[in-house]
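# Descriptive structure summary
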Amino acid sequence: MKRFGGFTGVTSIVALFILQSQTVYGGTSFLNGRYNATTDVSDCANIMKDVKGIRHAETKVEAIYIYQEGKNSIRPNSDEKRTLSSLSKNAMNEMAREPEFNKFLHALAFNPLTGEASGQPYASAAYADLFVMEKINNEEFAIAAEASVVLNLWMYTIHKLREATGDCMSDSLNDIHAQTRALDEAVAFYVGLTGAKDTAEGDYSLYSVAQRAAKLTLQEASTNKMFINSANKIQQLIIYPSDTSDSKETCLSVRREVNNMVTQMTIPLLKKFITHFSMDDPKRLKLYALAFLPLIEGCNEVDFAELFADFFITDNDKNALEVMGKLQDAYECLGISCDDVGMSDTYPCVDKNQKTQIVGYEPSYDVRESLKIDLDTLQIKLYLENKAINDDAYEVVKDLYMFGRNSKRGDGTYEKIHHLATSKHRARYPYFENYTVYFRNTFKEWFTEYAEDQLDEKAEHYAEAIIMRALNKEEEFENASNRQVTRMVHKTVQFMIMHMYILEKLYSAVEYCQQPDIELGVQTWDEIWAFYVGSIEGSVISGKHLQGQSMYTLSNKRCERFSACDGKGINSKINDQLLTIFKSTRDQFANNACDIIETTIQNEIEPRLLATSIQGALTYAIKNENLGTLETTGDISAGYLYGMSTLPLVEKANANSASVIEKNLNFWLPDSPDPDGAKAVFDAYRNALNLMNVDCELIGSESIDGFGDLCRSYDTDAINPGNDADGDTDADGDIDGVTDGDADSNTDIDTDTDVDGATDGDDEDHDGDTDGDANVDTDGVTDGDVDDGENVDADGVTDFDTDGDEDSEIGEGDSTVLADGLFVTSTNVLDRAMIARDVKEMFDAIRAGDTEAAKDVYRNGKYSEMVSEDGTLTGNFRSLKKLSLNALTKMQGDPAFNIFRYGLSEGKSIDAFMERPIEQYADTFIEKAFGEMEEKDTLPAEAVVVLNIWMYTVHKLYNAVQQCKDSEDSTNSIISIDEAAAFYIGSLQKTGNPDSGYMLYNFAEDTGEHFGQDGTGQVWANTKILKLLNKAKSELSYSKACSNKSDTASELLYIYDEILPQMTIPLMQNLVRYMYVDDKKRVALYALAVVPMIAGCDTGTFSYLKEALIENEYNRNSFEYILRALQNSYSCLKITCGDIGPYIQSLVPECSDQEILEPIAGYTPITDVREELKIDIDILQMRILMTYNATDAAKDLYMYGGNSKKHEDEFWTLQRLATSNKREEVPQYELYRSYFDDDENYADTTIMDVLDWKESSRFNKASLEQRTEAVVKTLQYQVMYMYTLRELYDAVHDCESTEPNRHAGMAEGWDRAVAFFVGSMEGKDAGGSLVNDGQLLYALAKERCYQFNTCNGPVDAYANTKIIDLMTAAKIDIEKSQCSMLGSKVEAIKPLLSIGMIQSVFLYAKKNSLLPTGSKDGDLASGDVLYTSIAPIIHEANRNAADIIKRNMDFQVNLKNSPIPDGPDEIFQAMTDTMSAMSVKQGLDCKDIGRGVSCATVSLLHSAASGMMHVSTIVLISLLGVVTLLAC
């Protein structure tokens, strides 16, 4: 008969009857029958009355009595009172084997970073009692009552739930009565006697706490609902187990349900903590910090330590963002979601999704649960350390090892370390048998009790055997210290088990590939990376530095000792390499390249995994060398485990080496460790490596702590024991041969301090062992030196160049090595790089409170000393201040600088910023920051970097372009590139040291860390910038690089255009960052640093941002709107959402870039024309550059482009559009060429004549404003008009072509026509930009429609609407290759394109007629260009009318005489006379020019012109008159 709970057969039926009877007749009912207890537990529920009694106590004596003596909860069948105090005081006796209690016990009793007793507040098993009594003694009765619920009752309720679970380890049957009673009591303690009134009045029960945390009274909180549902489910599992499950399966099902209940019980504590944190309620905040924070230690020790210190130890102000970030990092570990906690505008929360990166690897499958196996490892370590104060701690370890707790499988069960350690599939690893044989022989005395046929199976479970024997302290582990057992078990789990399991999964992936089951293969591949990295490391490529519990973390911990770290010294090279290997190999599954995958595993992955183990063995060979017998340090265990993890393969390669390693790393306390010394272990590994398929370079290519390089033979002189009086190896007893001042008699390699705060270098388990390693700076000076980063040559003299002025020539002398070789200049620019020391001194002075010293360095300079031409020091210093003060003189021709000027003045006559010259905006901001700075606020120093240094570096980059154009000698260009590198990197930057540098390079590195971009050793922006700088250096290295025949100048310009957006990335990142944290001063700084650039590419967005961030103080309530505006500007700044990334693991999520086929003013393209759209940015920037007379820069932009990419390394250029011979496809082109005296490039001629100041130009006497309008409007209306037509006709010709490739291209041409007609600034919505900031024909029609009554709705013109409708309809023609219909639409579009230009002739005829003789107004040039743009059409229709209009609109005529000498009426009449002919020849409809105006307005035109009305009225009325004329 099926076994039932604690009974079998007929007995079970009797038991069931009894339980059911109790439920009906004797049990307690809760929540109106929502839960019916099988027993009477009203005594437990009555404890809620004690809570109320404490809250309403009138005296301290009364409260203490109720708390300690009890009043209402009387145990059944006795007079004994249950007390709230006893729930905590008896915790160690009752809960010693329960996980939650052990978590709190460890978190409060130990320093999480050392594993030592902490002495911190509430460091007691009875922590709850301590807190409650503290509050009662302070007569804070309400808080004391609440604390007794969320501390005492919370833990005791969980205790009862654990009792209800039963013993899942035991094969004996559980007591069903005890289980159901415990469950009933848990519900009673949780719910109490809760009613609606009690919930509203106070937190008297956990149920009430949950209700109030959810701010619900009339409906049940989800936490409470789930708790009751789970309780009923458990009751059913205990009383009515499944017919197919045995008692162990039932027990595990109950356990899983209890785990879910514990998670739900945690949520209200977290909510309350956040609420009181937000409300700044320190008293209750401390309560909920104690109730919740200890749970975080089991997720991340470092985060917990920092949070606990914030709320219990220090009184420092808390950074709300950082606190919430740490809390949210723990949600996944605790099983909590953002929805569980509730969303907040103040603290946005985003749950991790299946695509969340794993230190830079984006999985294809959801492996979030696999990641969490490292939480089991961490919690095993914490429980092991509890042994010092909890005799039953090892039983908690065994339970977690056997049954798991954190990593859920798909079926709802937990992944178990036990399963990983004993999996039969490990045999898929080809060399697993070597492990089985080795451990069977080595541990044969362990298996004497087993029969011969069982030995192989037991030997296969070698790791589990080590764990259980250590926990049980059997044989050689009998005298092991708690530290040694802790390290033994922890290292076995962390490395030995995980190493083999990863190998198993690797070969499983190969097997799935071969089946083939590609999906399962890729999923397994993702899982492998998850197991290798773990959850604690996070998504950032470099992980959370040394905080994890995985093999990934171990590799990072080893790399510094073995000189095997990446450039920043954070990530190991092995981890960087494995990340690359895993990413690339995953793609091979799709190709079914199983052989390649297997070869990669064997030759690339296996050796790197093994290298980490060898590094561990060598590390502890060194550490343990001088230990004596019966030492208690855990290092002996660690050395043993790492050695054992490698020995099966060492023995296979070299049996003698294996014997030496086994002898010296064995765990046998009666003998001293390393009897033959560390040298013997090094030699043994050295002799075996080649046959183990492990490249010695993977382990470390430099001498390791004086024991030589594994890649070279052993250096007998590496260690010189010496004859010190203390009998040790050198003056302070160390073996490193360097006296480091510790003056002890111990061997400690160095005094390096780990993250645990202890001087132990490699104390990866934070067990407090002192065991450091050599910490020598990159300058070769041991810690403690005053290393200032000075670059001193072998002669001992600091190099300076012979530059006597900031921009004077420097000879091609010695090069300068920046950042230990990060960039090597071709010339000596060290004096430039030395300005980094000025920046450093500013930071140091401000932090020291010496603001005046910081000001002095800023204003006068200190370290960047200039030299005369003969190389002698002048005593004059560059100053950071002058980089801004002299900006106008040095940068007046620079594109970026002029865009800033334009932005800050918005193209108007405003020439002041904060009442000082706009050109000195950087210095203005910094001096203001000094004047308003708070104590030790480094804002002025930061501003120096992102304003002064940033713009000066950009200036030097552009200088290189101009110097290459101006001279065939490339020397000056080379110097400018070197100077740019010097200013960007600085003299203090150390490769691999993120805390040095102070310049833009380091600024980008530091910023990137907040946006998840620091994991590859260098942020992406820096990598690209250095690559581009080297490319520039390479371009200039060729003979005659800057000759007229070379294209070097254009290549340098391209490099400049590529570097500028990369330099913008950290500015934008910091603007987003400080907006989010609401640091208004830094928002102002970074807004000033980045927003003016947007004026050069999106004027509408810029105007909004300038008002929100520069003209006014930032308002955090507008964060979402401003962020969206900034993100909309990314494309025009040539950066992407991926370049910026998410802020701190998606507190501000990464945005989405513009969709490939995003609409263009309502037209949805067929192809990707996002780059073509940006041609309007070139035109806007041409206007800006011409406005500031930066003619050379304007010419560069015209000729070479800069915003609209055609290919990867080529831009669309306006000159290309103006001179394209493909315009011949346009029938109208011949008309234009003929009109302009057979000048094929008529528009280009006009533009270049103006840019080159040619006498032949009709604008040679023009003002700057007129020259600007001449160039810009020629581009807008002559160049873009003809090239738009060219693309339209080209699409028709492609359609008609029989050549397949060309036929397929018609959609591209059609979409390009739309792009060149509309432009990027109009946006995606029909009608375009609301602020009409467009630059092309589309914008012109919109602007004129208001004046000519030709608007279609509030924002668009009828002509535009027709064009977009025709363009859209034509997509069907393209799809179906209906070429004639496509051609018909082109003919319909052509006249509509000219509407705005025709209207403009009327407009400027009237406006210019009001201007005086010799006017410098730009409208004179505008009128000329607008008429010229349609003159060939008018000339063809009516030559006499054309002559009249030309005579009146011609710039030269208007400059010498009164503008419009015949008067505007003559032009109006001439245009009217022409319209009918143009209607026939061009298909124009006069109604499209102007609509619906009474003829009475004609008379108004003349009275307005006589000066009786304001100019704006004159223009409006005159245009109304024009409309009337044309309508006739």
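So, how was this worked out
Residues numbered from 1 in each chain as written. Predicted model: local features only at pLDDT ≥ 70, side-chain atom pairs only at ≥ 80, totals over all residues. Heavy atoms only, no water. Helix = DSSP H or I, 4+ residues; strand = E, 2+ residues; numbered from the N terminus. Buried < 20%, exposed > 50% of the residue type's maximum accessible area, 1.4 Å probe, protein only. Areas by Shrake-Rupley, 256 points an atom, 1.4 Å probe, with all protein chains shown as cover. Phe/Tyr/Trp six-rings, centres within 6.5 Å; stacked < 30°, edge-to-face > 60°. Lys NZ or Arg CZ within 6 Å of the ring centre and 35° of its normal. Contact = heavy atoms within 4.5 Å. pLDDT = per-residue confidence, 0-100. Disulfide = S-S within 2.5 Å. Expected span 1.5 Å × (residues − 1). Core = buried A, V, L, I, M, F, W, Y, C linked by side-chain atoms within 4.5 Å. Polar contact = N/O pair within 3.5 Å; in protein donor to acceptor, adjacent residues only side chain to side chain. Salt bridge = Lys/Arg side-chain N within 4 Å of Asp/Glu carboxyl O.

What follows is about the overall build of the protein chain. A tally of helices and strands in the protein chain yields 70 helices and 14 strands. Going through the 1528 residues of the protein chain one by one, you find that 60% of them count as buried. When the accessible surface of the protein chain is totalled, it reaches about 57,000 Å², and 47% of it is carbon and sulfur.

Right, let's get into the packing of aromatic side chains. Under the definition given, this model contains 51 aromatic pairs. Note on Y361 and W529: the rings are 5.8 Å apart at their centroids and 35° apart in plane angle, and the pair reads as tilted. Pair noted here: Y361 is in the loop between α18 (338-341) and α19 (368-371) and W529 is in helix α27 (residues 518-533), with a separation of 168 residues, a long-range link. W529 matches Y361 in its accessibility class, with the two residues each being buried. Each member of the aromatic cluster is reached from another via a ring pair, and the members are Y361, W525, W529, Y532, Y552, F582 and F589. The residue whose ring lies beneath R1116 is Y1076, and the NZ or CZ to ring-centre distance is 5.2 Å. A cation over an aromatic ring shows up here: R1267 above the ring of W1253, its NZ or CZ 3.4 Å from the ring centre.

The topology assignment puts S1204 in the loop between α53 (1191-1200) and β11 (1205-1207). Overall, S1204 belongs to the buried group, its relative accessible area being 0%. Taking the C-alpha atoms as reference points, S1204 and E1171, 33 residues apart in sequence, are found 4.8 Å from one another. In contact with S1204, not counting residues within four places along its chain, are E1171, E1172, K1174, I1175, D1178, F1211 and W1212.

On average, residues of the protein chain score 82 in pLDDT, and 83% of them are at 70 or above. A low-confidence stretch, residues 1-25 (pLDDT under 50), is modelled with 46 contacts involving residues beyond four sequence positions or located in other chains. Note that pLDDT drops below 50 for residues 1492-1528; the model gives that stretch 52 contacts with residues more than four away or on any other chain.

What follows deals with the state of the cysteines. Within this structure, the stated rule accounts for nine disulfides. Here C1345 is linked by a disulfide to C1351, with a sulfur-sulfur distance of 1.9 Å. Disulfide C1345 to C1351: torsion about the S-S bond roughly 85°, handedness right-handed. Exposure remark for C1345: the relative accessible area of 1% places this residue in the buried category. With relative accessibility at 18%, the residue C1351 sits in the buried group.

Bringing unusual backbone geometry into the picture now. Excluding glycine, residues mostly carry a negative phi; peptide bonds, for their part, are mostly trans. A cis amide bond links Q515 to the next residue, P516, at an omega of -10°. Tracing the chain through its elements places P516 in the loop between α26 (482-514) and α27. Look at M914: it is not a glycine, yet its phi comes out positive at around 55°. Structurally, M914 can be placed in the loop between β9 (912-913) and β10 (916-917).

With that settled, consider helix α52 (residues 1175-1187). With 13 residues, α52 ought to run about 18 Å at 1.5 Å a step, and its terminal C-alpha atoms sit 19 Å apart, in line with that. When you tally the buried positions in α52, you get twelve out of 13 residues, the bulk of the element. Within the span of α52, buried status applies to I1175, D1176, I1177, D1178, I1179, L1180, Q1181, M1182, R1183, I1184, L1185 and M1186. Where α52 terminates, the next one or two residues include N1189, which has phi positive at roughly 60°.

To continue, consider the environment of P268. By the secondary structure assignment, P268 is in helix α14 (residues 247-278). Here the alpha-carbon distance between P268 and T223, two residues 45 residues apart in the chain, equals 7.8 Å. Once you skip the residues sitting within four places of it in the chain, P268 turns out to touch V209, A210, A213 and T223.

Take the nonpolar core next. With 237 residues, the main nonpolar core has L947, W950, L1071, L1109 and W1310 as its most contacted residues. Ignoring sequence-local partners within four residues, the contact set of L1109 consists of L1071, V1083, A1084, A1087, V1091, Y1114 and I1122. By size, the runner-up hydrophobic cluster in this structure holds 111 residues, among which are V367, Y394, A465 and V522.

By the element assignment, R1286 lies in helix α57 (residues 1264-1296). Given the relative accessible area of 4%, R1286 is considered buried. A polar contact of 3.3 Å, which involves the side chain of R1286, links it to the side chain of E1287. Apart from the residues lying within four places of it in its own chain, the contact partners of R1286 are K1222, R1223, E1225 and V1226.

Within helix α40 (residues 895-905), eleven of the eleven residues are buried, which leaves it mostly tucked inside the rest of the structure. Buried within α40 we find P895, A896, F897, N898, I899, F900, R901, Y902, G903, L904 and S905.

This paragraph deals with the pattern of salt bridges. Under the counting rule described, the total for this entry stands at 76 salt bridges. Linking R368 and D366 is a salt bridge whose minimum nitrogen-to-oxygen distance equals 2.6 Å. Overall, D366 belongs to the partly exposed group, its relative accessible area being 38%. Between E927 and K881 there is a salt bridge, with the nearest N and O atoms lying 2.7 Å from each other. Here K881 lies in helix α38 (residues 880-885) and E927 lies in helix α41 (residues 921-932), a separation of 46 residues in the sequence. Look at E927 and you get buried, because its relative accessible area is 18%. Under the relative-accessibility criterion, K881 is labelled buried at 15%. One network of salt bridges, in which partners are shared, links D43, R82, K160, E163, R181 and E185.

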